[in-house]
Amino acid sequence: METMKPKLILGLALVLSGIINCRADADTSAAATNVISSFLDSRLANLSLTRSPSVSRQFEFDVLAVFPNNPDLPRTVMRVVADQDHAAILIQNTNALPYCLMENGLVVVCDPKRAGGLAYYEGNTLRWNFSKKNKNSKIDYSWGITATNLPPEVDLDLRSILQDIPLDRVKVTFDQQNRTLQCLSSKVFLSVIISQKDDSKSFGADRIEFAGGGAMLAISDIHVGAPLALQALFGISKDDIEKIGLPLRNLNGNEFTNILIVPKNFPPSDKEAAAAKKLQSFLIYRCAQQATNVPAQITAPDTTNKK
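Quick notes on the rules
Residues numbered from 1 in each chain as written. Predicted model: local features only at pLDDT ≥ 70, side-chain atom pairs only at ≥ 80, totals over all residues. Heavy atoms only, no water. Core = buried A, V, L, I, M, F, W, Y, C linked by side-chain atoms within 4.5 Å. Buried < 20%, exposed > 50% of the residue type's maximum accessible area, 1.4 Å probe, protein only. Helix = DSSP H or I, 4+ residues; strand = E, 2+ residues; numbered from the N terminus. Contact = heavy atoms within 4.5 Å. Pairing = 2+ DSSP bridges. Axes fitted to C-alpha atoms, helices over the stretch in contact; angles between N-to-C directions. pLDDT = per-residue confidence, 0-100.

S.K.: What should I look at first to understand the nonpolar core in this one?
M.R.: If you look at soluble globular proteins, the nonpolar side chains tend to sit buried side by side. With 89 residues, the main nonpolar core has F61, W128, F130, W143, V154 and I219 as its most contacted residues. Here this core takes six residues from helix 5 (residues 270-290), the largest share from any one element. Residues within four places of F130 in sequence aside, it is in contact with I139, D140, Y141, D155, L156, D157, I161, I208, F210, L217 and I219.

This is how it looks when you write it as structure tokens:
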């Protein structure tokens with residue numbers, strides 16, 4: 001099997017440490033630091049297919065990624081779905097028009113080289129990550145694929161980020177009415193809306209916002225445990241895609257450098273729009289056939305700044 005070129009990795013390379021000159025007693029709320037301590041003591045705040053322990057190995061969430069420093073990278077919307085040994089990421093524009101589906105074992109994308117067609121790759125392993133490995137490491141936000149037969153890795157580890165915040169060097173505040181914890185330095189912003197659910201089976205946050213390293217990230221609509229609304233994205237095969245009836249091309253490994261993010265002005269033509277809508281219709285039909293807990297539609301997540 002052909003070895004794929006570098007996977008798309010968008011790393012947020014700044015850490016909440018040592019990057020502002022302020023006094024902790026002036027900029028950090030004691031109530032906020034108590035909230036962090038209490039949160040870490042009572043909530044696991046980790047969703048992962050690979051790390052242990054995890055709140056659950058069945059979960060899904062929406063992601064909005066924005067890159068204000070790079071005008072060639074438009075807003076990208078993702079739905080991340082994970083269940084035991086399965087994972088999928090549906091990549092859309094903000095109007096819910098699908099551009100790419102990353103399923104463990106298959107990638108399907110609106111063909112960047114042939115207007116009106118689809119392109120695919122088989123045999124890939126999926127990766128999605130928002131976490132820190134250790135106290136001195138950077139906050140890692142990345143997604144991509146590698147050409148292996150290993151299990152997928154999906155890791156939303158809020159705990160690893162919160163537990164290493166240097167409270168003596170970062171401004172921390174807590175809005176009790178809106179349950180919003182904010183950590184702010186001159187270069188990095190982190191906001192967490194703490195969930196009202198207080199049990200070990202729920203994730204500890206309703207919404208996470210992060211800004212740093214030229215990127216802004218919003219994670220919302222976090223659902224833990226069965227049923228998963230978009231579980232029907234698992235197990236899609238090349239044979240399924242062929243039934244859509246669009247021209248289909250096998251991707252080369254060297255095409256993956258920038259293919260996993262929505263292109264600027266997508267879709268750029270009527271042909272691309274028609275292909276994306278056919279892909280959308282296929283996904284809607286599949287979800288309607290295999291799931292009873294959600295309406296037969298795939299829509300964009302709420303990307304407003306909820307406070």
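This is not the end of the story, as more comes after the structure.
S.K.: Hey, could you run me through the environment of S220 in this one?
M.R.: Within the fold, S220 resides in strand 15 (residues 215-224). On a C-alpha basis, the gap between S220 and F61 in space is 6.1 Å, while along the polypeptide they are 159 residues apart.

S.K.: Sorry if this is basic, but what is going on with the pairing of strand 3 (residues 76-83) here?
M.R.: When a strand is regular, its side chains alternate between the sheet's two faces. Within strand 3, eight of the eight residues are buried, which leaves the element mostly enclosed by the surrounding structure. Residues T76, M78, V80 and A82 point to one face of strand 3 and V77, R79, V81 and D83 to the other, with burial holding for every one of them. Summarising the sheet, strand 2 (residues 58-66) and strand 3 pair through eight bridges and their orientation is antiparallel. Paired with A65 across the two strands is T76, which belongs to strand 3. Examined bridge by bridge, strand 3 and strand 4 (residues 86-92) share seven bridges and lie antiparallel to one another. Considered in strand 4, the bridge of A82 is made with A87. The turn joining strand 3 and strand 4, which pair antiparallel and follow one another in sequence, is formed by two residues; a positive phi near 55 degrees is taken by Q84.

S.K.: What should I look at first to understand the sheet that holds strand 9 (residues 140-146) in this one?
M.R.: Within a sheet, neighbouring strands are paired by backbone hydrogen bonds and run either parallel or antiparallel to one another. Reading across from one edge, 1-10-8-9 is the order of the four strands in this open sheet, with mixed pairing throughout. Two strands bound the open sheet, and with one partner strand each, they are strand 1 (46-48) and strand 9. For this sheet, the mean inter-axis angle between neighbouring strands, taken without regard to orientation, is 5 degrees. Where strand 1 lies against strand 10 (residues 153-157), three bridges are found, and the strand directions are antiparallel.

S.K.: Got a minute to help me understand the confidence of the model for the chain in this structure?
M.R.: Caution is warranted with low-pLDDT regions, since their predicted coordinates should not be read in detail. Summing up the model confidence of the chain, the mean pLDDT is 81 and the portion of residues at 70 or higher is 84%. The least confident element of the chain is helix 1 (residues 24-27), whose mean pLDDT is 38; the most confident is helix 4 (residues 238-242), at 95. Here residues 1-27 scores under 50 on pLDDT; set against residues more than four positions off or in separate chains, the count is 81 contacts. When the criterion is pLDDT under 50, residues 303-307 qualifies, and its contacts beyond four places in sequence or with other chains add up to 16 contacts.

S.K.: Honestly, the pairing of strand 13 (residues 189-194) in this entry has me stumped. Any pointers?
M.R.: Of all six residues that make up strand 13, five are buried, and the element is covered over most of its length. The pairing of strand 12 (residues 180-184) with strand 13 spans five bridges and is antiparallel. Pairing of T180 across the sheet is with I193, part of strand 13. Pairing geometry for strand 13 and strand 14 (residues 205-212), over six bridges, is antiparallel. Along strand 14, the bridge assignment pairs S191 with E209.

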